[in-house]
Amino acid sequence: MSKEKKIKIEDGNAVEKETQQPSNNEEKQACPKGDAKQEQTDSTDEKAEDKQEADSTEEKDPLKEAQAEIETLKDKYLRTVAEFDNYKKRTLKEKAELILNGGEKTITAILPVLDDFERAIENSEKTDDIKALKEGMDLIYKKFVKTLESLGVKKIDTQDKDFDVDYHEAVAMVPGMGDEKKGKVIDCVQKGYTLNDKVIRHAKVAVGQ
């Protein structure tokens, strides 16, 4: 503590008095302890805020976000490839089964006609009635044609038709038939058929020249 002299006038006489001045150390000691704690708390809060800002900056790192997105897209891509591979294998298997068993419907439809033929052959051995045999054969033929039509098979019409390379195959040219028959089908040597409007066998015909 330092001393400071002051002059005081008492009854017209100057009197010196010494006053004590607190030193710097004493001023520091005089500061309340609460202020020191407050300063420490403020410093801790500032550090916490700085750490939060640093963490926030780290979380929003564009490189890490891009890498995370790449991993997600990679996982989706691998899943899609696996699903497509399974679909391709399943489709190939179904196609192979369709090729092997595609004629099942056709064979099933034709079997009743085969049964009729067998019965007709058995009956032909027991009778000599040609007319009855012919009628039986006609019935079987008509039944067979209807069966084919139910499967989408149709006969190509050739009677009095113009020659058409899409449906007909010319196997002979017949001259001297006149202008009216020129380019027209004169005779059908072998019948042609379509399956669901697609030609599976061209009709072999003779054409007027």
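Residues numbered from 1 in each chain as written. Predicted model: local features only at pLDDT ≥ 70, side-chain atom pairs only at ≥ 80, totals over all residues. Heavy atoms only, no water.

S.K.: Mind showing me how you'd approach the overall build of the chain here?
M.R.: Within the chain, the secondary structure is distributed over five helices and eight strands. Each helix and strand of the chain, ordered N terminal to C terminal, gives the series β-β-α-α-α-α-α-β-β-β-β-β-β. Counting only residues that meet the buried cut, the chain has 10% of its 209 residues in that class. Taking as baseline every contact in the chain between residues at least 6 positions apart, the subset at least 24 positions apart corresponds to 51%. Per element, the accessible surface of the chain, about 18,000 Å² overall, is 52% carbon and sulfur. (Helix = DSSP H or I, 4+ residues; strand = E, 2+ residues; numbered from the N terminus. Buried < 20%, exposed > 50% of the residue type's maximum accessible area, 1.4 Å probe, protein only. Contact = heavy atoms within 4.5 Å. Areas by Shrake-Rupley, 256 points an atom, 1.4 Å probe, with all protein chains shown as cover.)

S.K.: Got a minute to help me understand the sheet that holds strand β6 (residues 193-195) in this structure?
M.R.: Working definition: the strands of a sheet are paired by backbone hydrogen bonds and lie parallel or antiparallel to each other. Sheet architecture is open: three strands sit in the order β3-β6-β7, paired in antiparallel fashion. Only two strands of the sheet have a single neighbouring strand rather than two, namely β3 (153-155) and β7 (198-201). Between one strand axis and the next, the sheet turns by 35° as a mean value, whatever way the strands run. With three bridges joining them, β3 and β6 adopt antiparallel strand pairing. Note on β6: the bridge partner recorded for Lys-155 is Tyr-193. (Pairing = 2+ DSSP bridges. Axes fitted to C-alpha atoms, helices over the stretch in contact; angles between N-to-C directions.)

S.K.: What is the right way to read the sheet that holds strand β4 (residues 168-174) from this model?
M.R.: Taking strand neighbours across the sheet as the criterion, the three strands line up as β4-β8-β5 in an open arrangement whose pairing is mixed. If you trace the sheet from one side to the other, it starts and ends with β4 and β5 (185-190), each paired once. Here the average twist between neighbouring strands, direction ignored, is 30°. Pairing of β5 with strand β8 (residues 203-208), which is carried by four bridges, proceeds in the antiparallel orientation. Counted as the bridge partner of Cys-188 is Val-205 from β8.

S.K.: Please explain helix α5 (residues 130-150) as it appears in this structure.
M.R.: Two residues of an α-helix separated by three or four positions point the same way, owing to the 3.6 residues in each turn. Look at α5: 30 Å from first C-alpha to last across 21 residues, which is about the 30 Å you get at 1.5 Å a residue. Buried residues of α5: Ile-140, Thr-147 and Leu-148, and no others. Mapping the buried residues of α5 onto a view down its axis gives an arc of 95°, with all of them on the same face. α5 presents Lys-131, Lys-134, Leu-139, Lys-142, Lys-146 and Ser-150 as exposed residues on the side facing more than 90 degrees away from its buried surface. Of the surrounding elements, those touching the buried residues of α5 are α4 (104-124) and β3. Residue Asp-129 occupies the N-cap position of α5, its side-chain oxygen lying 3.2 Å from the main-chain nitrogen of Lys-131. Once α5 ends, the next one or two residues include Gly-152, with phi positive near 95°. (Expected span 1.5 Å × (residues − 1). Arc of directions from axis to C-beta. Polar contact = N/O pair within 3.5 Å; in protein donor to acceptor, adjacent residues only side chain to side chain.)

S.K.: Looking at this structure, I do not really get a negative patch on the surface. What am I missing?
M.R.: Taken together, the side chains of Asp-115, Glu-118, Glu-122 and Glu-125 present a region of like negative charge at the surface. According to the relative accessible area criterion, Asp-115 is partly exposed, its value standing at 34%. (Patch = residues over 30% accessible without salt bridge, like charges linked within 9 Å, V, L, I, M, F, W, Y side chains within 5 Å. Salt bridge = Lys/Arg side-chain N within 4 Å of Asp/Glu carboxyl O. Lys, Arg positive; Asp, Glu negative; His and termini not counted. Charge placed at Lys NZ, Arg CZ, Asp CG, Glu CD.)

S.K.: Please clarify how the pairing of β8 should be interpreted in this entry.
M.R.: Residues in a regular strand point their side chains to alternate faces of the sheet. Taken across its six residues, β8 has five buried, putting it largely inside the fold. As defined by bridge partners, β4 adjoins β8 across six bridges and the pair is classed as parallel. Residue pairing for β8: Met-173 is matched across the bridge by Val-207.

S.K.: Would you explain the confidence of the model for the chain in this entry?
M.R.: Low pLDDT means the predicted coordinates in that region are not meant to be read closely. For the chain, the average pLDDT comes to 79, and 71% of its residues sit at 70 or higher. Every residue in residues 1-17 scores below 50 in pLDDT, and together they form 31 contacts with partners more than four places removed in sequence or on other chains. Below a pLDDT of 50 lies the segment residues 22-34, which in the model reaches four contacts outside its immediate sequence neighbourhood of four places, other chains included. (pLDDT = per-residue confidence, 0-100.)

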